[in-house]
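Take a look at the letters that make up each chain.
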Amino acid sequence: MALFAWLDRLLRRISYVGFLAASALLLIVGLMGATDVVSTNIFLKPIPGMVELSGALLAVIVFLGLAEAQARGSNIVIDVATQNMGPRMKRLSGIVSLAIAGTLMGLVAWQTTKLAINSWAIREAALGALAFPMAPFKSLAAFGAWLAAAEFLRQLLRLIAGREATIETKVGDDA
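### With respect to the overall build of the protein chain
Part 1 of the argument: Helix and strand counts for the protein chain come out as four helices and zero strands.
Part 2 of the argument: Along the protein chain, helices and strands appear, N-terminal first, in the series α-α-α-α.
Part 3 of the argument: Each principal axis of the C-alpha atoms in the protein chain carries an extent, and together these give about 60 × 35 × 35 Å.
Part 4 of the argument: Burial analysis of the protein chain (175 residues in total) assigns 34% to the buried set.
Part 5 of the argument: Counting only contacts in the protein chain whose residues sit at least 6 apart along the sequence, the fraction spanning at least 24 positions is 71%.
Part 6 of the argument: A total of about 10,900 Å² of accessible surface is found on the protein chain, and carbon and sulfur atoms cover 72% of it.
Part 7 of the argument: Both charge centroids of the protein chain, one from 15 positive and one from 11 negative side chains, sit 5 Å from each other.

### Some points on the confidence of the model for the protein chain
Part 1 of the argument: Looking at the protein chain as a whole, its pLDDT mean stands at 90, while 93% of the residues score no less than 70.
Part 2 of the argument: In the model, residues 168-175 has pLDDT below 50 throughout and makes 12 contacts with residues more than four positions away in sequence or in other chains.

### Description of the pattern of salt bridges
Part 1 of the argument: Within this structure, the stated rule accounts for six salt bridges.
Part 2 of the argument: Across the pair Arg154 and Asp8 runs a salt bridge, and its minimum N-O distance is 2.9 Å. A residue pair is termed long-range when its members are at least 10 positions apart, and Arg154 in helix H4 (residues 135-160) and Asp8 in helix H1 (residues 2-42) qualify at 146 residues.
Part 3 of the argument: For Glu68, the salt bridge identified is with Arg12, shortest N-O distance 2.9 Å. Pair noted here: Glu68 is in helix H2 (residues 50-72) and Arg12 is in helix H1, with a separation of 56 residues, a long-range link. Neither residue differs from the other here; Glu68 and Arg12 are each classed as buried.
Part 4 of the argument: One connected set of salt bridges, linked through shared partners, spans Asp8, Glu151, Arg154 and Arg158.

### Digging into the nonpolar core
Part 1 of the argument: In terms of nonpolar packing, the biggest core is built from 16 residues, with Leu98, Met105, Ala145 and Ala148 touching the most fellow members.
Part 2 of the argument: Elements with a minimum of two residues in this core: H2, helix H3 (87-122) and H4.
Part 3 of the argument: The element that contributes the greatest number of residues to this core is H4, accounting for eight residues.
Part 4 of the argument: In this structure Met105 touches Leu66, Ala145, Ala148, Ala149 and Phe152, once residues within four positions along its chain are discounted.

Basis of the calculations
Residues numbered from 1 in each chain as written. Predicted model: local features only at pLDDT ≥ 70, side-chain atom pairs only at ≥ 80, totals over all residues. Heavy atoms only, no water. Helix = DSSP H or I, 4+ residues; strand = E, 2+ residues; numbered from the N terminus. Buried < 20%, exposed > 50% of the residue type's maximum accessible area, 1.4 Å probe, protein only. Contact = heavy atoms within 4.5 Å. Areas by Shrake-Rupley, 256 points an atom, 1.4 Å probe, with all protein chains shown as cover. Lys, Arg positive; Asp, Glu negative; His and termini not counted. Charge placed at Lys NZ, Arg CZ, Asp CG, Glu CD. pLDDT = per-residue confidence, 0-100. Salt bridge = Lys/Arg side-chain N within 4 Å of Asp/Glu carboxyl O. Core = buried A, V, L, I, M, F, W, Y, C linked by side-chain atoms within 4.5 Å.

Following this line, the structure appears as structure tokens:
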């Protein structure tokens, strides 16, 4: 049991670091966009590659932030079907939905990993004014997808064990 508790805390910390990285990248993308808009409108000269770089970073931001959003229960929840269920049915519904979501996220992570490996193999570069390598971006997105899949599995195992699936406490806390 101590191993599971350790893995649980480790995954929560890695998810939180991914969330911080996604947040920093979001700030950078916002600053890049603002700089490009100012450069385009004041100096009549757009910054080459900003659109392509922003697009590549957005995929990384989404995947790196997904695990922490799931861990906190911050994703959109439509509870029309479950709001009137009893505790047993809600738990069963949670188990089924986490199993499906985890499986689908695992498939997304697997396919994203294949894309990243292929990108490294062919030395893929962005098409546009600035040809930068795409493999690092795809690799970070794949890492984020695997992190999200692991979070779904963590929540599934917690729910099966009879514990709350989401954690709404700080990362350092043992929930």
